[in-house]
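One-letter residues, chain by chain:
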Amino acid sequence: ASTTLLVQVHGSGGNLASVQLRATARTLSARGFSALSISTRQHDEHVNTDNFFEIRRDIEAAIATAKALGYGAIVLQGQSLGTAQLAFYAATDWDPAIKGVILTGAIAKLPWKARHILIQDEDAYRALAQEARDALRAGRPKATLPMPMRWIGGRPAPMTGQHFLTYRDEVASAADTTFWIARIPRPILLVRDAADGVVLPFEPYMLLSAARAEGSLVPEIRYVLLPNPRPPSVEGHTFADNTGPLAEAIASWLAERGL
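The sections below set out a description of the structure shown in this document. (Residues numbered from 1 in each chain as written. Predicted model: local features only at pLDDT ≥ 70, side-chain atom pairs only at ≥ 80, totals over all residues. Heavy atoms only, no water.)

Focus: the packing of aromatic side chains
In this description, a pair of aromatic rings is defined by centroid distance and the angle of the planes. Summed over all chains, the structure comprises nine aromatic pairs. Here F88 and W180 contribute two aromatic rings whose centre-to-centre distance is 4.9 Å and whose plane-to-plane angle is 65°, an arrangement assigned as edge-to-face. You can see F88 sitting in helix α3 (residues 81-92) and its partner W180 sitting in helix α7 (residues 177-180), a full 92 residues away along the chain. Comparing F88 with W180, the two get one shared label, buried. Ring centres of W112 and F202 lie 6.3 Å apart, and the angle between their planes is 80°; on these two criteria the pair is classed as edge-to-face. Within this pair, whereas W112 is found in helix α4 (residues 110-119), its partner F202 is found in the loop between β7 (188-193) and α8 (203-211), the two being separated by 90 residues in sequence. Residue class for W112 comes out partly exposed when judged on its relative accessible area of 30%. Judged by relative accessible area, F202 falls into the partly exposed class, the value being 37%. Among the aromatic side chains, those forming a connected cluster through ring pairs are F52, F53, F88, Y167, F179 and W180. Against the face of F88 rests R56, its NZ or CZ located 5.9 Å from the ring centre. The residue whose ring lies beneath R183 is F179, and the NZ or CZ to ring-centre distance is 3.7 Å. (Phe/Tyr/Trp six-rings, centres within 6.5 Å; stacked < 30°, edge-to-face > 60°. Helix = DSSP H or I, 4+ residues; strand = E, 2+ residues; numbered from the N terminus. Buried < 20%, exposed > 50% of the residue type's maximum accessible area, 1.4 Å probe, protein only. Lys NZ or Arg CZ within 6 Å of the ring centre and 35° of its normal.)

Thoughts on the pairing of strand β4 (residues 98-104)
Most of β4 sits inside the fold, with six of its seven residues counted as buried. Where strand β3 (residues 73-79) lies against β4, six bridges are found, and the strand directions are parallel. The residue of β4 that forms the bridge with I74 is I98. The parallel pair β3 and β4, bridged by α3, forms a crossover whose chirality is right-handed. Two elements, β4 and β7, share four bridges in a ladder whose sense is parallel. By the bridge assignment for β7, L103 is matched with L190. (Pairing = 2+ DSSP bridges. Right-handed = clockwise from strand over helix to strand, strands pointing away.)

The structure is reproduced here in structure tokens:
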């Protein structure tokens with residue numbers, strides 16, 4: 001009951017053994033912390049198939065498990081897409097057991113990013129949006145869309161209608177962390193690798209601005225940028241060169257708050 005537990009949520013197509021989560025858990029466990037890393041319903045081959053709102057149930061299950069094991073102090077830690085999922089959860093469940101939120105490789109405004117950074121083609125975006133709506137109205141939201149979406153690195157990615165609508169569509173999606181972050185009544189830590197080629201340098205500042213806006217419920221937020229001389233890459237997004245400094249930044253932040 002006196003130990004702080006991190007509930008860890010991976011990014012797109014990741015799983016409970018994702019490198020940045022595993023490295024953090026191993027480092028912190030040696031210092032008296034615990035970690036519960038989960039695979040959500042969009043793990044591995046299920047990437048780009050899920051409904052944003054249903055991930056909440058996976059996080060709820062992890063919180064319930066943590067409490068059943070006796071933990072009274074819980075910190076939420078999300079990576080990449082998992083940061084949007086955790087921000088939504090933390091903003092809509094003010095459980096007093098949740099003492100803080102850690103967002104690593106955090107995407108600021110996913111629907112906007114999908115349309116203007118990933119897809120970069122208005123005709124393709126509108127076609128995908130129409131296909132997704134058609135699938136929903138036909139009662140087949142879990143069906144894979146006929147047209148793939150341009151994704152990370154420009155490669156085509158198959159996805160379901162429910163995923164596009166709840167994550168990527170600028171009208172229907174709720175995966176906008178700039179909206180949810182101001183509604184989190186807990187301390188927040190943001191961490192980005194300087195070589196991150198997925199989350200762009202301006203995105204953390206969008207989140208900082210939202211968290212510090214007038215009326216925000218966030219009591220405090222800190223942004224840590226980890227130095228990395230390598231050029232931007234997908235590996236930088238996973239903290240492949242910076243797992244040690246990432247764990248140290250998290251450990252220091254937790255210690256400062258007496259967790």
